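One letter stands for each residue in the lines below.
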Amino acid sequence: MIWSFDIIILIFLVITAVIALTVKDLLASSMVLGIYSFLICILWAEMGAVDVAFTEAAVGAGVSTVIMIATVFQTARKSKD
Amino acid sequence: MSFLINMISGALVLVGLTFFLAAAVGVIRFPDFYTRMHAAGKGDTLSTILILLGIAVFTAGNFSVDNLLIAVKIMAIAVFIMLTSPTSTHALMQAGYDDGIKPFEKEKEDEIETEEKPTA
Amino acid sequence: MKPMKLAALLTVIATGGLLLYATSDLPDWGDPLSPANAGDLSTHYIQDSRDDTEVPNLVTAVLADYRGYDTMFETVVIFVAGLGILSILGQGKRVEPLAEPVASEGNRERDMITITTCRLVVPIIQIFALYVIAHGHYSPGGGFQGGVMLGASFILIALTSGLPDALKRMSQERAIFLAGLGVLIYAGTGLLCMALGRNFLDYEILHKVLGGTGVKARYDSMLIVEIGVAFTVMAIMFIIYAVLSSKGRMRGGL
Amino acid sequence: MDFFYQTFIAKFNYWIYVILMMIGLFAMIAKNNLIKKLVGMCIFQTAIILFYVSIGVKQDARIPILTKDEVPHGGHYTTEHHDGHKDHKADQERPYIDAKTITNPIPHVLMLTAIVVGVSTLGVALAIAQKVHLHYGSLEEDEILAKIPLGNDG
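Residues numbered from 1 in each chain as written. Chains lettered and ligands numbered in written order. Predicted model: local features only at pLDDT ≥ 70, side-chain atom pairs only at ≥ 80, totals over all residues. Heavy atoms only, no water.

Asker: Looking at this model, I keep getting lost on the overall build of chain B. Mind explaining?
Answerer: Per the secondary structure count, chain B includes four helices and zero strands. For chain B, the succession of helices and strands along the chain, N to C, is α-α-α-α. Counting all 120 residues of chain B, 25% fall into the buried class. Taking the intrachain contacts of chain B between residues at least 6 apart in sequence as the baseline, contacts between residues at least 24 apart amount to 73%. Carbon and sulfur atoms provide 71% of the accessible area of chain B, an area that totals close to 8,300 Å². (Helix = DSSP H or I, 4+ residues; strand = E, 2+ residues; numbered from the N terminus. Buried < 20%, exposed > 50% of the residue type's maximum accessible area, 1.4 Å probe, protein only. Contact = heavy atoms within 4.5 Å. Areas by Shrake-Rupley, 256 points an atom, 1.4 Å probe, with all protein chains shown as cover.)

Asker: Hey, could you run me through the overall build of chain D in this one?
Answerer: Secondary structure summary: chain D contains six helices and zero strands in total. In sequence order, the secondary structure elements of chain D are arranged as α-α-α-α-α-α. Considering only intrachain contacts with a sequence separation of at least 6, the fraction spanning at least 24 residues in chain D is 66%.

Asker: Help me understand helix H2 (residues 34-55) of chain D in this model?
Answerer: Owing to its 3.6 residues per turn, the α-helix aligns residues three or four sequence positions apart on the same side. Between its first and last C-alpha, H2(D) extends 32 Å over 22 residues, near the 32 Å set by a 1.5 Å rise per residue. The N-cap residue of H2(D) is D:Asn33: its side-chain oxygen and the backbone nitrogen of D:Ile35 are 2.8 Å apart. (Expected span 1.5 Å × (residues − 1). Polar contact = N/O pair within 3.5 Å; in protein donor to acceptor, adjacent residues only side chain to side chain.)

Asker: How should the packing of aromatic side chains be read in this particular structure?
Answerer: The description of an aromatic ring pair rests on the distance of the ring centres and on the angle between the ring planes. Residue and element names in this part refer to chain D. Tallied over the entire structure, the rule returns eleven aromatic pairs over all chains. Seen in terms of ring centroids, Tyr 17 and Phe 51 are 4.6 Å apart; in terms of plane orientation they differ by 25°. Their pairing is stacked. Of this pair, Tyr 17 sits in helix H1 (residues 2-30) while Phe 51 sits in helix H2, and the two are 34 residues apart along the sequence. By the burial criterion, Tyr 17 is buried, and Phe 51 matches it. Phe 51 gets classed as buried once you look at its relative accessible area, which sits at 17%. Taken together, the ring pairs connect Tyr 14, Tyr 17, Phe 51 and Tyr 52 into an aromatic cluster. (Phe/Tyr/Trp six-rings, centres within 6.5 Å; stacked < 30°, edge-to-face > 60°.)

Asker: Honestly, the side chain of D:His108 in this entry has me stumped. Any pointers?
Answerer: Inspection of the secondary structure assignment puts D:His108 in helix H5 (residues 105-136). Excluding its chain neighbours within four sequence positions, the residues that come into contact with D:His108 are A:Gly48, A:Ala49, A:Val52, C:Val59, D:Pro64 and D:Thr103.

Asker: What is the right way to look at the environment of C:Ser42 in this model?
Answerer: Along the chain, the position of C:Ser42 falls in helix H3 (residues 40-53). Between the C-alpha atoms of C:Ser42 and C:Val62, which are 20 residues apart in sequence, the distance is 10.0 Å. Not counting the four nearest positions on each side in its chain, C:Ser42 is found in contact with C:Ala36, C:Asn37, D:Asn104 and D:Ile106. Within the structure, the side chain of C:Ser42 is placed 3.5 Å from the side chain of D:Asn104, a separation counted as a polar contact.

Asker: Just to check I follow, could you spell out the interface of chain D and chain A for this structure?
Answerer: By a widespread convention, an interface's size corresponds to the accessible area lost as its parts come together. Listed by partner, the interface residues are 50 residues for chain D and 44 residues for chain A. Interface area, chain D with chain A, both sides summed: about 3,900 Å², of which 78% is carbon and sulfur. Contact with chain A buries surface across chain D, with D:Lys36, D:Val39 and D:Ile115 losing the most and accounting together for 14% of the total. Our count for the chain D to chain A interface comes out at two salt bridges. Close ionic contact of D:Glu143 with A:Lys80 constitutes a salt bridge, the shortest N to O distance being 3.5 Å. Sorting the residues of the side of chain D that touches chain A by element identifies H1, H2, H5 and helix H6 (141-147) of chain D as the ones contributing at least two each. (Buried area = accessible area lost by both parts, 1.4 Å probe. Salt bridge = Lys/Arg side-chain N within 4 Å of Asp/Glu carboxyl O.)

Asker: Where do I start with unusual backbone geometry in this structure?
Answerer: Glycine aside, the phi torsion of most residues is negative, and most peptide linkages are trans. Residue and element names in this part refer to chain C. Of note, Glu 54 is a non-glycine position whose phi angle comes to about 65°, a positive value. Although it is not a glycine, Leu 201 adopts a positive phi angle of roughly 65°. Considering the arrangement of structural elements, one finds Leu 201 in the loop between helix H9 (172-195) and helix H10 (207-210). By relative accessible area, which is 7% here, Leu 201 ends up buried.

Asker: I tried to follow the pattern of salt bridges on my own but got confused; where do I start?
Answerer: Side chains that carry opposite charge are capable of pairing whenever their charged atoms lie near each other. All chains considered together, the criterion is met by twelve salt bridges over all chains. D:Lys68 is paired through a salt bridge with B:Asp66; the nearest N and O atoms lie 2.8 Å apart. With D:Lys68 in the loop between H2 and helix H3 (75-81) and B:Asp66 in helix H3 (residues 65-99), this pair bridges two chains. Taking relative accessible area as the criterion, D:Lys68 reaches 46% and is therefore assigned partly exposed. We classify B:Asp66 as partly exposed; its relative accessible area is 40%. Here D:Lys11 and C:Asp28 are joined by a salt bridge, their closest N and O atoms 3.4 Å apart. You can see D:Lys11 sitting in helix H1 and its partner C:Asp28 sitting in the loop between helix H1 (2-23) and helix H2 (35-38), one on each of two chains. Among the charged side chains, a salt-bridge network with shared partners connects A:Lys80, D:Asp142 and D:Glu143.

Asker: I would appreciate a short explanation of a nonpolar patch on the surface in the present structure.
Answerer: Residues and elements named next belong to chain A. Side chains of Ile 8, Ile 11, Phe 12, Ile 15 and Ile 19 sit close together on the surface and give an oily, nonpolar patch of about 440 Å² of accessible area. Tracing the sequence through the fold places Ile 15 in helix H1 (residues 3-22). Overall, the relative accessible area of 44% leaves Ile 15 in the partly exposed class. (Patch = residues over 30% accessible without salt bridge, like charges linked within 9 Å, V, L, I, M, F, W, Y side chains within 5 Å.)

From the geometry alone we can't say anything about function, so treat these as descriptive.
Shown next, in the form of structure tokens:
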């Protein structure tokens, strides 16, 4: 654990979460959620949870983003809020 | 000997980070999609490979079979990135081109400036 | 609409305020003496799993051995989620001709560079995934991660050369079979322990089947269980992508 | 420095976990678009995982994988594997493991499975969203509600 690194990533996490929820384009929202997943993956590697970080890198940033984008392509891309 | 290896690996990582900085500045400063992707793709690939090379040299510095194996693994990651990173850049470019994004042209901006000057 | 949002905001702020107030009672971040960290259970896992199982990666030891029952039902949840997606959107075996062609289903020109690179990369990904599964005892990894990576390699094929190509390699029936097989391997290991006269998932007795000592049996059966998990996760990850990217028709795709 | 640590760093993870949870909960309640609600659900989920992993952190501890000195490769069971002499020499030479120096593995195990289960439940949710889009042609909550025929009032 390195606390300065930890705090920087946590602040970025809040920023990316807010961006993912305010962007009107759902494709961009999914991509920002992928960035969020990568950030939280780094955070877990830093906290010593290497297995969780590995899973998050494979699942959250890989499969989760892909299935979200697949749904956005099959439905509507624009969101009203 | 170990001092020399530390110097080499540190220099490689530093050069890699410099390229990373240049790529980041390029992504922000360049005018349109294609040039931005150019900066991101090239700078990203080169800097990642340089940083991995630095780490591999540092690991192989404490010479033993295990450390050498770790260095080989790191270099395998570098080869993998060398394969995939340019391809992903290419795929993004292709998608942008299919989507109909117009490349940036210098003259148009000049025209706009000259048009705006008389009104101002 | 506006008053609803305001009410939601007030509720959320009230909840958050209470939780923030409650954080003052939580132990400090990184405190080694907090109840969760200094409790008997965690100390026992850290200090004794070496003698019980010989597995250096404590997470794998706890995941597949001590909490094997938990992990088995997590695998079942993933399996049921895959079946649920198929029953919500999928159309089973019958394939009806479409009334009008969908835009995404047209024969979009596939890019040669990406296809060639993915042909090169997919075997590397799969071999690395197998390494992750097999090496989960000594490094981060195991059935879940390796299974997700194997599934992702099939998703990569589907993304570059189209869903039909990927379905040729892993058809819907085959995927469901593999997912069921994974759960069967896991539960079968547990039932084998019961058949030999111990509790469910008490691997120690398996040395009668696998040979060696009881510790070695625990070490080996952990790998068997992880392989089962990897089968299920791989198949279900691919099913999720295949169904969602084609609206359940299993044709066309992105 | 000590005061700074105790007031700020020691609780910062928990604060952020509460903030992320608030963001996710608000999105799940108040957002109009179904996909945005699911994005909120993802954020909510990671907030809970952040809480759990933060609880398991120990100061100056290493990752929960034992080193080669502590578990020699094939140390225990190969010595016993050759029947005849049960040599426990390898056991006695092993160093003592101090539980304080290794990160708590239990939250990691719980959360590792939770992530993979989370993505499969996200898949189910996305499938339901696609089904809703097939039926009503929209993902906006108000448009869907306008299209649902009301019982007696309608």
